[in-house]
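These are the residues of each chain, in order.
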Amino acid sequence: MELADVADDLTEVLLTETQIHDKIAELARRVEQDYAGERPLLVGVLKGAVMVMADVARELKMHVDMDFMAVSSYGASTESSGVVRILKDLDADLEGRHVIIVEDIIDSGLTLAWLRANLESRGPASLEILALLRKPDAAKVDVDVKYFGFDIPNAFVVGYGLDYAERYRNLRGVAVLAPHVYS
Ligand code: IMP
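Residues numbered from 1 in each chain as written. Predicted model: local features only at pLDDT ≥ 70, side-chain atom pairs only at ≥ 80, totals over all residues. Heavy atoms only, no water.

K.L.:
In this structure, what is going on with the site of the ligand? I would like to understand it.
P.N.:
What surrounds the ligand is a group of 18 residues, the closest being Ser-108, Gly-109, Thr-111, Lys-135 and Val-157. Separating an oxygen atom of the ligand from a backbone N or O atom of Leu-110 is a distance of 3.5 Å. In the complex, 94% of the free accessible area of the ligand, which totals 490 Å², lies under the protein chains. By residue number, the principal contributor to the shell around the ligand is strand β5 (residues 98-106), which donates 4 residues. Per-class residue counts for the shell around the ligand are 8 nonpolar, 5 polar and 5 charged. (Near = heavy atom within 4 Å. Polar contact = N/O pair within 3.5 Å; in protein donor to acceptor, adjacent residues only side chain to side chain. Areas by Shrake-Rupley, 256 points an atom, 1.4 Å probe, with all protein chains shown as cover. Helix = DSSP H or I, 4+ residues; strand = E, 2+ residues; numbered from the N terminus. Nonpolar A, V, L, I, M, F, W, Y, C, P; charged D, E, K, R; others polar.)

K.L.:
Even after reading the chapter, I still don't get helix α3 (residues 110-120), so can you show me in this structure?
P.N.:
Count 3.6 residues to each turn of an α-helix, and residues three or four apart come out pointing the same way. For α3, every residue scored as buried is listed here: Thr-111, Leu-112, Leu-115, Arg-116, Asn-118 and Leu-119. Burial along α3 is one-sided: seen end-on, the buried residues are contained in an arc of 165 degrees. Its buried side turned inward, α3 meets β2 (41-46), β3 (65-71), β4 (86-88), β5 and β6 (126-134). (Buried < 20%, exposed > 50% of the residue type's maximum accessible area, 1.4 Å probe, protein only. Arc of directions from axis to C-beta. Contact = heavy atoms within 4.5 Å.)

K.L.:
Hey, could you run me through the nonpolar core in this one?
P.N.:
What tends to happen in soluble globular proteins is that the nonpolar side chains get buried as a cluster. Grouped together as the largest cluster of nonpolar side chains are 28 residues, with contacts concentrated most on Val-52, Leu-130, Leu-132, Leu-133 and Val-157. Broken down by secondary-structure element, the contributors of at least two residues to this core are β1 (10-15), α1 (17-34), α2 (50-59), β5, β6, β7 (147-151) and β9 (174-177). Considering each element in turn, this core owes the most residues, 5 residues, to α1. Apart from residues no more than four positions distant in its own chain, Leu-132 is found in contact with Ile-20, Ile-24, Val-52, Glu-103, Asp-104, Gly-149, Phe-150 and Tyr-160. Membership of the second largest hydrophobic core comes to 20 residues, among which are Ile-101, Ile-106, Leu-112 and Val-143. (Core = buried A, V, L, I, M, F, W, Y, C linked by side-chain atoms within 4.5 Å.)

K.L.:
Before we go on, may I ask you to explain the pairing of β6 in this structure?
P.N.:
Residues in a regular strand project their side chains so that they alternate between the two faces of the sheet. For β6, the tally of buried residues reaches 8 of 9 residues, placing the bulk of the element in the interior. As judged from the 8 bridges shared by β5 and β6, these two strands associate in the parallel manner. Residue Ile-101 lies in a different strand from β6, and its bridge partner there is Ile-129. One ladder, built from 4 bridges, connects β6 with β7; its direction is parallel. (Pairing = 2+ DSSP bridges.)

Geometric descriptors of this kind do not, in isolation, establish any biological role.
Take a look at the structure:
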């Protein structure tokens, strides 16, 4: 699916595939340095983080484990409810592991704050967060994100894993969703 096919649904392309790729390579180099000699466990949050997870994992020149978790977030609406529910838990035991949560976007930060506390309680040796996108409100919540890609404006965005009502996840870039789509 190309961005051109849904051009009427989008107002602006914020990030191209190339920009995302370059940033992920940059973040991967830092992870390789920080975890030299270790075998970190990447925890992806379904479904939005699937693209970030796939690209980060393939960019890393080291052994990593991958696991996934699904939590409820927005449903079909565009506002964070703050209610987090585990829909699918991890298969891996986190005890003594070096864990990196891989996230697509931090908006209110509520999801991540909850997730961090939840995973922290499982006894990992370390726990860090990698998030591709950050919206302005995220700064208000005290979530320590060690690796993050881009600060974006406070708009509802889709693509590269991010959806609106399950659509647009397979766009290669990140774009702002036109208000007529959800109003
Ligand atoms: P938070 O709890 O408000 O930080 O929201 C986190 C989750 O909401 C993300 O993992 C996304 O699944 C979803 N989300 C937040 N902003 C957007 C957006 O602009 N487009 C699509 N999904 C979003």
